[in-house]
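Okay, here's what each chain looks like letter by letter:
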Amino acid sequence: MPVALSQIRDLLLPGLWGVSGKYPMIERQWPKVFRQTDSNMAFERRASMRYLGLAQLKQEGAPTSFDNAAGQRFVYNAEHLEIGLGYAITRKAIDDNLYKGEFGPSNDGLMESFKETEEIYAANVFNTGTTYSAATGGDGVALFSTAHPIDGATIGNQPSPDVDLNESSLLNAAISIRSTWKDNAGLKIHARGRKLIVPSQLEPIALRLFRSELRPGTANNDVNAIQGMNESFKEGFMVWDYLTSSYAWFLLTNHDGLIWFNRKPFEMDMSVEFTTDNLLVKGYQRYVPTYYDWRAVYGTFPTS
């Protein structure tokens, strides 16, 4: 059923002091997490390669060792989401509405609906990050795992067991990223944590960790190591309002791997239905937030 006179009955009479119900929206947060790029394909695919391993000791007169194991290891897939929303409103409801400037066909929050939908789908890459999706593919485990496969070994970007956010767990995450992360051939890479991401419930803890001049949560007169690690935590922390867990937290790294593909930007269209004179308004958009390298983020999912 279209929006009709009965649904806006008080907007048909003069004398209203104002019309409310529309509020300031949260500014876009996902662009601080994902790198954006345009796409002109129905599907986007990315191959993760294995390059050469360690050089080998050569004995005098002996042949040189050859590493012929280089090549493709994992393929990550991304299929664009098709997003749409619309509504219908009767001609009488448009004609007789005295407050079109505040509640009209082009001023009803359609764009805001699409913006919040973007945030939800982007955050779901993290919220569902412990569940493996064959549609995304990749290395056969979820985005967050204790055992991402590389040649001859596994590496985790999730601790076991999961840990609450505190000074010790955050420093251990940064140390683990720096000391244990390797490429597909097992070579150590330049990996550093750069930005902490927390839900709103953990903002007070993050503030204490990053803003305390001395060691947070203790009576010790030690320096705050979080502030002193020159190559880690350079971008501080951010609160992402669309994370669903009150306890999960994440650490973005200096490696690319979280990507937002824009296929079709938001567009809005209107048309009049010939037989009813109802005005039809709809929005449309295509995109997909996804990942192609787990090394872009470290995450942990404690439950209390």
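Here is a short report on the structure shown in this document. (Residues numbered from 1 in each chain as written. Predicted model: local features only at pLDDT ≥ 70, side-chain atom pairs only at ≥ 80, totals over all residues. Heavy atoms only, no water.)

**Observations concerning the overall build of the chain**
For clarity, the threshold we go by: Numbering of helices and strands runs from the N terminus, with a helix taken as a DSSP run of H or I at least four residues long and a strand as a DSSP run of E at least two residues long. Atoms counted for the radius of gyration: C-alpha only. Globule rule: 2.2 Å times residue count to the power 0.38. Summary of the burial criterion: residues with accessible area below 20% of their type's maximum are buried, those above 50% are exposed, and those between are partly exposed, where the area comes from a 1.4 Å probe applied to protein chains only. Accessible surface is estimated by sampling points in the Shrake-Rupley manner with a 1.4 Å probe; for residues, cover comes only from the protein chains shown. A positive count includes Lys and Arg, and a negative count includes Asp and Glu. His and the chain ends are not counted in either. Note that the charge is assigned to NZ on lysines, CZ on arginines, CG on aspartates and CD on glutamates.
For the chain, the helix and strand inventory stands at 5 helices and 12 strands. Rg of the C-alpha trace for the chain: 26 Å, well past the compact-globule value of 19 Å for 304 residues, more than 25% over. Considering only C-alpha atoms, the chain reaches an extent of 95 × 55 × 30 Å along its principal axes. Within the chain, buried positions represent 40% of all 304 residues. For the chain, the accessible area works out to roughly 17,200 Å², and carbon and sulfur atoms hold 52% of it. Across the chain, the mean location of the 29 positive side-chain charges is 5 Å away from that of the 34 negative side-chain charges.

**So, the pairing of strand 10 (residues 258–272)**
Put simply, the rule is: By this definition, two strands are paired if DSSP reports at least two bridges between them.
The sheet contact formed by strand 1 (residues 35–38) and strand 10 spans 4 bridges and is parallel. When the bridges of strand 10 are listed, D38 appears paired with N262. Relative to strand 11 (residues 279–291), strand 10 runs antiparallel, the two being bridged by 12 bridges. In the sheet register, M268 faces strand 11, and the bridge partner there is G283.

**Observations concerning the side chain of N127**
Here is the rule: Identification of polar contacts relies on pairs of N or O atoms within 3.5 Å, with a donor-acceptor requirement for protein atoms, meaning one able to donate a hydrogen and the other able to accept it, and with residues adjacent in sequence counted only if both atoms are side-chain atoms.
Along the polypeptide, N127 turns up in helix 2 (residues 110–127). A relative accessible area of 17% means that N127 is categorised as buried. Within the structure, the side chain of N127 is placed 3.3 Å from the side chain of N124, a separation counted as a polar contact. At 3.1 Å, the side chain of N127 forms a polar contact with the backbone nitrogen of T244.

**Things to note about the environment of A173**
Counted only if it meets this: Only heavy atoms matter for contacts: two residues are in contact if any of them lie within 4.5 Å across the pair.
By secondary structure assignment, the location of A173 is in helix 3 (residues 167–180). Of the residues examined, A173 reaches a relative accessible area of 0% and is grouped as buried. Residues A173 and S113, 60 residues apart in the sequence, show an inter-C-alpha distance of 36 Å. Apart from the residues lying within four places of it in its own chain, the contact partners of A173 are W249, L251 and Y298.

**Things to note about the packing of aromatic side chains**
Short version of the rule: Only the six-membered ring of Trp is used, alongside the rings of Phe and Tyr, when aromatic pairs are assigned; centres must lie within 6.5 Å, and planes under 30 degrees apart are stacked while those over 60 apart are edge-to-face, with the rest tilted.
As enumerated under the stated definition, the model contains 16 aromatic pairs in all. Relative to Y291, the ring of Y76 has its centre 5.7 Å away and its plane inclined at 65°; by these criteria the two rings are edge-to-face. In this pair, Y76 is assigned in strand 3 (residues 71–79) and Y291 in strand 11, connecting sequence segments 215 residues apart. Just as Y76 is buried, Y291 falls in that class too. A centroid spacing of 4.9 Å and a plane angle of 75° characterise the contact between F126 and F250, whose relative ring orientation is edge-to-face.

**Quick word on the sheet that holds strand 11**
In plain terms, the rule: Axes here mean lines fitted to C-alpha atoms, for a helix over just the part in contact, with angles spanning 0 to 180 degrees between N-to-C directions.
Strand order in the open sheet made by the 4 strands is 1-10-11-4, with mixed pairing throughout. Either end of the sheet is taken by a strand with one partner, and the two such strands are strand 1 and strand 4 (81–89). Sheet twist, expressed as the average angle between the axes of neighbouring strands with direction ignored, equals 25°. The strands touched by helix 2 are strand 4, strand 10 and strand 11; relative to strand 11, the strand with the most contacts, the crossing angle is about 20°.

**Structural notes on the nonpolar core**
Filter applied, for reference: Nine residue types can take part in a nonpolar core, namely buried Ala, Val, Leu, Ile, Met, Phe, Trp, Tyr and Cys, and a core is a set of them joined through side-chain atoms within 4.5 Å.
In this structure, F34, F126, L170, L196 and W240 are the most contacted members of the largest nonpolar core, which totals 65 residues. It is helix 2 that provides the largest number of residues to this core, a total of 6 residues. If we skip the residues at most four places from it in the chain, L170 touches L165, L196, L209, F210, I226, F233, W249 and L251.

**Thoughts on the pattern of salt bridges**
Put simply, the rule is: By definition here, a salt bridge exists when the distance from a side-chain nitrogen of Lys or Arg to a carboxyl oxygen of Asp or Glu is within 4 Å.
In this structure the tally under the stated criterion is 11 salt bridges. Between D151 and R73 there is a salt bridge whose closest N-O contact spans 2.9 Å. Of the two residues, D151 sits in the loop between strand 5 (148–150) and strand 6 (153–155) while R73 sits in strand 3, which places them 78 residues apart along the sequence. For R91, the salt bridge identified is with D277, shortest N-O distance 3.6 Å.

**Some thoughts on the layout of surface pockets**
Rule in force here: Here the term cavity refers to a set of points on a 1 Å grid, laid over the protein atoms alone, in which a 1.4 Å probe fits but cannot get out; the term pocket refers to an open set having protein on both sides within 12 Å along at least five of seven lines, with lining residues being those that place an atom within 4 Å of a point. Grid points are joined across faces, edges and corners, and a volume is the space filled by probe spheres set on the points.
Space inside the largest pocket adds up to approximately 500 Å³. In this structure, the largest pocket is lined by 20 residues; those nearest its centre are S133, T136, V288, P289 and T290. Counting only elements with at least two residues in the lining of the largest pocket, the list comes to strand 3, helix 2 and strand 11. In terms of residues, the lining of the largest pocket owes the most to one element, strand 11, which gives 4 residues.

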